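# Examination of the molecular architecture
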Amino acid sequence: MGCVPVTTTAGGIPEVITNKENGYLVNVEDVYKISNIITNVDTNSAEFKKYKKNARNTVVKEYSIKNMTQEIENIYDRI
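Residues numbered from 1 in each chain as written. Predicted model: local features only at pLDDT ≥ 70, side-chain atom pairs only at ≥ 80, totals over all residues. Heavy atoms only, no water.

## Here we look at a nonpolar patch on the surface
Together, Ile72, Ile75, Tyr76 and Ile79 make up a nonpolar patch on the protein surface, roughly 490 Å² of accessible area in all. Topologically, Ile79 is positioned in the segment after helix 3 (65-78). Look at Ile79 and you get exposed, because its relative accessible area is 81%. (Patch = residues over 30% accessible without salt bridge, like charges linked within 9 Å, V, L, I, M, F, W, Y side chains within 5 Å. Areas by Shrake-Rupley, 256 points an atom, 1.4 Å probe, with all protein chains shown as cover. Salt bridge = Lys/Arg side-chain N within 4 Å of Asp/Glu carboxyl O. Helix = DSSP H or I, 4+ residues; strand = E, 2+ residues; numbered from the N terminus. Buried < 20%, exposed > 50% of the residue type's maximum accessible area, 1.4 Å probe, protein only.)

Printed below as a string of structure tokens:
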């Protein structure tokens with residue numbers, strides 16, 4: 001959707017969001033840092049625009065319905 005993720009390192013999130021590439025990734029305990037990012041992010045900066053583009057590309061490339069269906073079909077083929 002063209003959003004920039006600002007998230008924590010909880011669970012499997014770091015497998016999708018890689019800090020300084022397609023979003024902002026903060027340690028779970030660092031409430032102040034995540035708050036600071038959300039309130040001070042410059043939506044016109046080159047960094048923000050890069051994250052926005054890369055986040056969208058990550059979802060399309062790795063998590064589209066087409067790709068997820070293909071992965072399931074590959075599992076069935078191997079079985």
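## Let's talk about the packing of aromatic side chains
Evaluation of the coordinates by the stated rule reveals one aromatic pair. Look at Tyr24 and Tyr51: their rings are 4.8 Å apart centre to centre, the planes differ by 75°, and that puts the pair in the edge-to-face class. Of this pair, Tyr24 sits in strand 2 (residues 24-26) while Tyr51 is found in helix 2 (residues 46-63), placing the two residues 27 residues apart along the sequence. For Tyr24, a relative accessible area of 9% puts it in the buried group. The class of Tyr51 is buried, set by a relative accessible area of 0%. (Phe/Tyr/Trp six-rings, centres within 6.5 Å; stacked < 30°, edge-to-face > 60°.)

## Brief notes about the environment of Gly12
Along the polypeptide, Gly12 turns up in the loop between strand 1 (6-8) and strand 2. Exposure remark for Gly12: the relative accessible area of 39% places this residue in the partly exposed category. Sequence-wise, Gly12 and Ser35 are 23 residues apart; in three dimensions their C-alpha atoms are separated by 21 Å.

## Some thoughts on the packing of helix 2 against helix 3
One way to put it is that helix 2 packs onto helix 3 with a least axis distance of 6 Å and a crossing angle of 30°. By the angle between their axes, helix 2 is roughly parallel relative to helix 3. Residues Val60, Lys61, Glu62 and Tyr63 of helix 2 form the contact with helix 3, whose own contacting residues are Ile65, Asn67, Met68 and Glu71. Grouping the amino acids of the contact of helix 2 with helix 3 by side-chain chemistry returns four nonpolar, one polar and three charged. (Axes fitted to C-alpha atoms, helices over the stretch in contact; angles between N-to-C directions. Parallel < 35°, antiparallel > 145°, perpendicular 65-115°, else oblique. Contact = heavy atoms within 4.5 Å. Nonpolar A, V, L, I, M, F, W, Y, C, P; charged D, E, K, R; others polar.)

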